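# Understanding the architecture of this molecule
These are the residues of each chain, in order.
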Amino acid sequence: MYDLKWIREAPEEFDAVLRRRNFEPQSAKVLALDGQRRQAQTTLQELQARRNEISKQIGVLMHKGEDASAVMAEVAQIKSRFTALEEQDRELGHELLDLLGGLPNSLYDDVPDGNDEADNAEIRVVGDRPVLDFAPKQHFELGEALGGMDFDAAARLSGARFVVMRSGVARLHRAIGQFMLDLHVTEHGYTEVIPPYLVRDAALYGTGQLPKFGEDLFRTTNDHWMIPTAEVPLTNLVAEQILSEEALPLRFAALTPCFRSEAGSAGKDTRGMLRQHQFDKVEMVSVVHPDNSEAELERMTACAETVLQRLGLHYRVMKLCSGDTGFAARRTYDLEVWVPGQNTYREISSCSTCGDFQARRMKARFRPAQGKSTEFVHTLNGSGVAVGRALIAVMENGQQADGSIKIPAALRPYMGGLEVLTTND
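These notes cover the structure that comes with them. No experiment lies behind these values; they were computed from the predicted model shown.

### Here's the deal with helix H2 (residues 11-20)
Restricting attention to buried positions, one finds in H2 the residues Pro11, Phe14, Asp15, Val17 and Leu18. Each buried residue of H2 sits inside an arc of 155° when the element is viewed along its axis, so together they form one side. Just downstream of H2, Asn22 is the residue with a positive phi angle, here 65°.

Below is the structure:
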């Protein structure tokens, strides 16, 4: 959400921000609605003042026993105009809010211009790409051979883009999630949260999924939404709150299921677990002082990288271009892990800073230690990381010629000391 005062003062800059997002200029429309609304509010104030003045006159006339009918008729006219102007003010306010609510966040200057992922900038590459002396298989081939992934059973239960996991693969999936959550809580200072998995419209509006991306979500018959990511409930923990400066930063982490309709992904990654309607993810959310949001993004990204490093995975860090950066983000780093079975990198984590964009939508503020006026907090979110995609990476990178999976040392305590996953596990 944008600051209307800033748009009034710098309409050309506002339009330039939107052009980087491939949006048409909107300042003329915004300012026209804003001008109409401000005029309606000014007229309302004038009518209110006149009504107060006339009310006093009526009292004086009636006290003197004089005819007050003409003045009372003017009060009736004012009341009628007042009601109409109040409705106009409400309608203009809703129209302005809808317009601003559908516009994406501004980008930092260092975000590269581009159209899609082909234009993203590589920041660094970490670790050595594994070299296998046999033809690597993809995760679903390995999982099915181990008896641990059953896509046919899932299709009978739920349709496409679901999986049933069993035995050792199910245990490995659970181990990955527990390992990541423990790491972020015990070493990285995040507070563990178990949030609701169903939220109301306001929560999704606050983080930017609504109104623009409703088709990507699942909605219940009683007007709740299934969370597409724990970012939604975690960030909204501070919605409509005024925090003390001393309370910042707040850092939350949660391991939750996530639900996405994948409406815009028809035909993409239909095999395996890469793009599913239901998946688990460890999410990190930070609420910070505006002065610290830049450093917090680097910190959060490092926390996500630690997961991959502990799992012994080769990956690279990408800075997303303007055309690939999410709606609510000002800058995003993607972590892309190497998957030998596909002979490519796949995104496994996104870490984003949103500035005050979500805070304005959620009305989340803090009160500085010095000064009476409140300010908007800054919010950040990041995958720490997607459990299913981590499972894919562990399986494909740990596969051996006989189809067994070598388990990373960091996961073995969660696997009862098991070092290699076979069909017997």
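### Details of the packing of aromatic side chains
Under the criterion given, the structure shown has eight aromatic pairs. Aromatic pair Trp6 and Phe14: ring centres 6.0 Å apart, planes at 90°, arrangement edge-to-face. Look at Trp6 and you get partly exposed, because its relative accessible area is 23%. On the basis of relative accessibility, which here comes to 0%, the residue Phe14 falls in the buried class. Where Trp338 meets Tyr345, the ring centres are 5.1 Å apart and the plane angle is 75°; that geometry is what we call edge-to-face.

### Quick notes on the pattern of salt bridges
In the structure shown here, the tally under the stated rule is 21 salt bridges. In this structure, the salt-bridge partner of Asp3 is Arg360, at a minimum N-O distance of 3.8 Å. Pair noted here: Asp3 is in the segment before helix H1 (4-9) and Arg360 is in helix H11 (residues 357-362), with a separation of 357 residues, a long-range link. Ionic pairing is found between Arg275 and Glu262, a salt bridge with its closest N-O pair at 3.8 Å. In this pair, Arg275 is assigned in the loop between strand S9 (250-259) and strand S10 (278-288) and Glu262 in the loop between S9 and S10, connecting sequence segments 13 residues apart.

### Some thoughts on helix H10 (residues 293-310)
Two residues of an α-helix separated by three or four positions point the same way, owing to the 3.6 residues in each turn. For H10, spanning 18 residues, the distance from its first C-alpha to its last is 26 Å, which sits close to the expected 26 Å at 1.5 Å a residue. Buried residues of H10: Ser293, Glu296, Leu297, Met300, Thr301, Cys303, Ala304, Glu305, Thr306, Val307 and Leu308, and no others. Looking one or two places after H10, you find Gly312, whose phi comes out positive at around 70°.

### Here we look at the side chain of Ser322
Secondary-structure assignment places Ser322 in the loop between strand S11 (315-319) and strand S12 (331-339). We classify Ser322 as buried; its relative accessible area is 5%. One polar contact links the side chain of Ser322 to the main-chain amide nitrogen of Gly114, over a distance of 3.0 Å. Residue contacts for Ser322: discarding those within four places in its chain leaves Arg20, Arg21, Leu107, Val111, Pro112, Asp113 and Gly114.

### Focus: the sheet that holds strand S7 (residues 225-226)
Pairing is antiparallel in the open sheet, where three strands are placed in the order S5-S7-S6. Strands at the two margins of the open sheet, each flanked by one partner only, are strand S5 (198-199) and strand S6 (218-219). Note: S5 against S7, two bridges, orientation antiparallel. Directly across from Val199, in S7, lies its bridge partner Trp225.

Thresholds applied
Residues numbered from 1 in each chain as written. Predicted model: local features only at pLDDT ≥ 70, side-chain atom pairs only at ≥ 80, totals over all residues. Heavy atoms only, no water. Buried < 20%, exposed > 50% of the residue type's maximum accessible area, 1.4 Å probe, protein only. Helix = DSSP H or I, 4+ residues; strand = E, 2+ residues; numbered from the N terminus. Arc of directions from axis to C-beta. Phe/Tyr/Trp six-rings, centres within 6.5 Å; stacked < 30°, edge-to-face > 60°. Salt bridge = Lys/Arg side-chain N within 4 Å of Asp/Glu carboxyl O. Expected span 1.5 Å × (residues − 1). Polar contact = N/O pair within 3.5 Å; in protein donor to acceptor, adjacent residues only side chain to side chain. Contact = heavy atoms within 4.5 Å. Pairing = 2+ DSSP bridges.

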